[in-house]
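Listed here are the chains, written in short residue letters.
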Amino acid sequence: METPQTPTSDFSSRRRLNQTLVVNEAVECENDITSLQNVLIDLKYKRMALNTKLNSVHDLMAELPLEVTTEIFQLVVDSQEESNLRSLPTQFLLGRVCKAWRDTVWKHPSLWKDIRIQIIAEKYPKQEELLGEWLNHSGTRPITVSIASKDRWQPPQSFATLLLGTSQRWTAFTCCSPLSSISEGLAADPPPSFPLLSSIKVFTNGLPQNESMKYNFNATPKLRNIFLSHPYLCLPASYALSFINSLQNIRKLVIWLTKGSANQIASQHTGLKILPSLNSLCLTGENTAASVILDRIITPALMDLRLWIYSTGSANLDHAWITSLNDLRERSAFSLSNLSFKGAGIGQEGILVDAVGSFPTLSSLHIEDLGKNGNFVLSDLTIG
């Protein structure tokens, strides 16, 4: 004998049936969506192929010889400001236009000879990947390298390893941020080889100040210009001398000297270093530290000299740099054209006039005493 269903059990059965129907409809809907998405993807690929074909038919650039197109792209790439490390590299902007342009840019190493990158912590993994691709695109061509780091973030050692692995192709290097891994890599023992490097500029406090870590610029036969400068970057005078002693054929040198470092000079730095090609020298630091450098070099080709001198606070030492300058002139016999004095307490008028008078070949003279509100005025304007 069958048990009659109660109203409650009948309601539950209908509800389960309705749920099953809804679930089946939802599954069918998902399947339809997936099918339509696949169709949409296929249509997008078809559109991309048609656009590429359309570009090849109507693009005026496509009618030009490949050499001309590449030359135009090169002019566009070279027009990007060297100091602008934040904007998207021009190569990628060109590659966004169409596949034909992207293929052209990607396949010509000459368009990738200038590496400019600002490292950003949150974007770094992708940036390292792009840097590797960039270096691959550049092939074996000589390259220039300009790097900076946002908020002084320090990239991992893999960044320095990747970049310094191409050191034999560097022609110029500019570092605008304190990247300790790069600076340590440059000062490694044995150091990287830079056979093509002609210019190095460092605006950072990331350089090692340990005197045992020295740059081996003897491995850079084409190095001509060195600029090491930043309010936070100062080299001890003894380290600066070790640095100078490693130079060959340098033409331009700019160095800041650490405060109070003149007393650190060791006996091994008493010899003279001949810099036969140096024609421009800028020293910034205390007068005694500047004197130490001037006392230990011979510069027969020097034409431009800038001394930004700061007083040690001792009246007996304030003019030491002037004596050193005169001694440098006598042993170097250079024909100086441009001379600039700048600093606080750079000396008394009579002593300065005597010093200037010993350079008859001068065509330009600038004197600025920061201790006198930035002005230096001769009491007798007929002097000279």
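Residues numbered from 1 in each chain as written. Predicted model: local features only at pLDDT ≥ 70, side-chain atom pairs only at ≥ 80, totals over all residues. Heavy atoms only, no water.

An unreviewed UniProt entry lists the protein chain under the name F-box domain-containing protein, with Psilocybe cubensis given as the organism.

*Asks:* I keep staring at the overall build of the protein chain and nothing clicks. Help me out?
*Replies:* Helix and strand counts for the protein chain come out as 11 helices and 12 strands. Here the protein chain, with 384 residues, has 41% of them falling under the buried criterion. A separation threshold of at least 6 residues defines the contact pool for the protein chain, and within that pool the share at least 24 residues apart is 76%. When the accessible surface of the protein chain is split by element, carbon and sulfur atoms take 55% of a total near 21000 Å². (Helix = DSSP H or I, 4+ residues; strand = E, 2+ residues; numbered from the N terminus. Buried < 20%, exposed > 50% of the residue type's maximum accessible area, 1.4 Å probe, protein only. Contact = heavy atoms within 4.5 Å. Areas by Shrake-Rupley, 256 points an atom, 1.4 Å probe, with all protein chains shown as cover.)

*Asks:* What's the story with a nonpolar patch on the surface in this structure? I'm lost.
*Replies:* Where nonpolar side chains cluster on the molecular surface, the patch consists of Leu64, Val68, Ile72 and Val76 and spans about 250 Å² of accessible area. Locating Leu64 in the fold gives a position in the loop between helix 1 (7–58) and helix 2 (66–78). (Patch = residues over 30% accessible without salt bridge, like charges linked within 9 Å, V, L, I, M, F, W, Y side chains within 5 Å. Salt bridge = Lys/Arg side-chain N within 4 Å of Asp/Glu carboxyl O.)

*Asks:* What exactly am I supposed to notice about the confidence of the model for the protein chain here?
*Replies:* Detailed reading of the predicted coordinates is not advisable wherever pLDDT falls low. Overall, the prediction assigns the protein chain a mean pLDDT of 77, with 72% of residues at 70 or greater. In the predicted structure, residues 205–216 sits below a pLDDT of 50 and forms 37 contacts with residues beyond four places in sequence or in another chain. Predicted confidence for residues 379–384 stays below pLDDT 50, and this span has 4 contacts to residues more than four positions away or in other chains. (pLDDT = per-residue confidence, 0-100.)

*Asks:* What's the story with the packing of helix 2 against helix 4 (residues 99–106) in this structure? I'm lost.
*Replies:* Between two packed helices, the angle of one axis relative to the other and the distance separating the axes together describe the packing. Running from N to C, helix 2 and helix 4 point in directions that differ by 80°, and their axes come no closer than 10 Å. As summarised for this structure, helix 2 and helix 4 are arranged roughly perpendicular, according to the angle between their axes. For the pair formed by helix 2 and helix 4, the contact residues are Leu66, Thr69, Thr70 and Phe73 on the first element and Trp101, Thr104 and Val105 on the second. Along the lines of polarity and charge, the residues of the contact of helix 2 with helix 4 split into 4 nonpolar, 3 polar and no charged. (Axes fitted to C-alpha atoms, helices over the stretch in contact; angles between N-to-C directions. Parallel < 35°, antiparallel > 145°, perpendicular 65-115°, else oblique. Nonpolar A, V, L, I, M, F, W, Y, C, P; charged D, E, K, R; others polar.)

*Asks:* Is there a simple way to think about the packing of aromatic side chains in this case?
*Replies:* Centre distance and the angle of the planes are the two values used to describe a pair of aromatic rings. Enumeration over the complete set of coordinates arrives at 11 aromatic pairs. Centre to centre, the rings of Phe92 and Trp112 are 5.7 Å apart; their planes meet at 80°, and the pair counts as edge-to-face. Of the two residues, Phe92 is situated in helix 3 (residues 90–95) and Trp112 in the loop between helix 4 and strand 1 (114–119); the sequence distance between them amounts to 20 residues. For Trp112, a relative accessible area of 0% translates into the label buried. Each ring, one from Trp170 and one from Phe194, has its centre 5.4 Å from the other, and the planes form 50°; the classification is tilted. (Phe/Tyr/Trp six-rings, centres within 6.5 Å; stacked < 30°, edge-to-face > 60°.)

*Asks:* Quick question: what am I supposed to make of helix 10 (residues 320–332) here?
*Replies:* A rise of 1.5 Å per residue sets the reference length of helix 10, with its 13 residues, at 18 Å; its end C-alpha atoms lie 18 Å apart and thus fit the reference within 8%. Here helix 10 has its buried residues at Trp321, Ile322, Ser324, Leu325, Leu328 and Ser332. Buried residues of helix 10, viewed axially, fall in a sector of 160°; they line one side. With its phi angle positive at about 55°, Ala333 sits one or two positions after the end of helix 10. (Expected span 1.5 Å × (residues − 1). Arc of directions from axis to C-beta.)

*Asks:* Honestly, the environment of Asn249 in this entry has me stumped. Any pointers?
*Replies:* With respect to the helices and strands, the residue Asn249 is situated in the loop between helix 8 (237–245) and strand 6 (252–256). You can call Asn249 partly exposed: its relative accessible area is 35%. Taking the C-alpha atoms as reference, Asn249 lies 7.2 Å from Leu278; in sequence the two are 29 residues apart. Contact partners of Asn249, with chain neighbours within four places excluded, come to Pro221, Leu223, Arg224 and Ser277.

*Asks:* Could you clarify how one ought to interpret the pairing of strand 2 (residues 143–149) in this entry?
*Replies:* The side chains of a regular strand alternate, residue by residue, between the two faces of the sheet. For strand 2, a buried count of 6 out of 7 residues is recorded, marking the element as mostly surrounded by other parts of the structure. Both strand 1 and strand 2 contribute to a ladder of 6 bridges, which runs parallel. Considered in strand 2, the bridge of Ile117 is made with Ile147. With respect to chirality, the unit in which strand 1 leads through helix 5 (residues 124–137) into the neighbouring parallel strand 2 is right-handed. Direction of pairing for strand 2 relative to strand 3 (residues 170–175): parallel, over a ladder of 5 bridges. From the neighbouring strand, Ile143 faces strand 3, where its bridge partner is Trp170. (Pairing = 2+ DSSP bridges. Right-handed = clockwise from strand over helix to strand, strands pointing away.)

*Asks:* What is the right way to read the environment of Glu71 from this model?
*Replies:* Residue position: Glu71 is located in helix 2. Classification of Glu71 by relative accessible area gives partly exposed; the value is 45%. Sequence separation of Glu71 and Ser110 is 39 residues, and the distance between their C-alpha atoms is 9.6 Å.

*Asks:* What am I meant to see in the pattern of salt bridges here?
*Replies:* If charged atoms from side chains of opposite charge come close, those side chains can pair. On inspection of all chains with the given rule, the structure shows 5 salt bridges. Its salt-bridge partner being Lys113, residue Asp78 comes within 3.5 Å of it at the nearest N-O pair. Placement of Asp78 in helix 2 and of Lys113 in the loop between helix 4 and strand 1 is noted, with a sequence separation of 35 residues between them. Overall, Asp78 belongs to the partly exposed group, its relative accessible area being 38%. Of the residues examined, Lys113 reaches a relative accessible area of 23% and is grouped as partly exposed. Asp304 is paired through a salt bridge with Arg306; the nearest N and O atoms lie 3.6 Å apart. Through salt bridges with shared partners, one network takes in Asp78, Lys113 and Asp114.

*Asks:* In this structure, what is going on with the environment of Cys98? I would like to understand it.
*Replies:* Within the secondary structure layout, Cys98 lies in the loop between helix 3 and helix 4. Relative accessible area serves as the criterion here: at 8%, Cys98 is assigned to the buried category. A C-alpha to C-alpha distance of 8.3 Å links Cys98 and Asn51, two positions 47 residues apart in sequence.

*Asks:* Help me out: how do you make sense of unusual backbone geometry in this one?
*Replies:* A negative phi angle characterises most non-glycine residues, just as the trans form characterises most peptide bonds. Positive phi outside glycine occurs at Ala333, with the angle close to 55°. Position of Ala333 among the secondary structure elements: in the loop between helix 10 and strand 11 (338–344).

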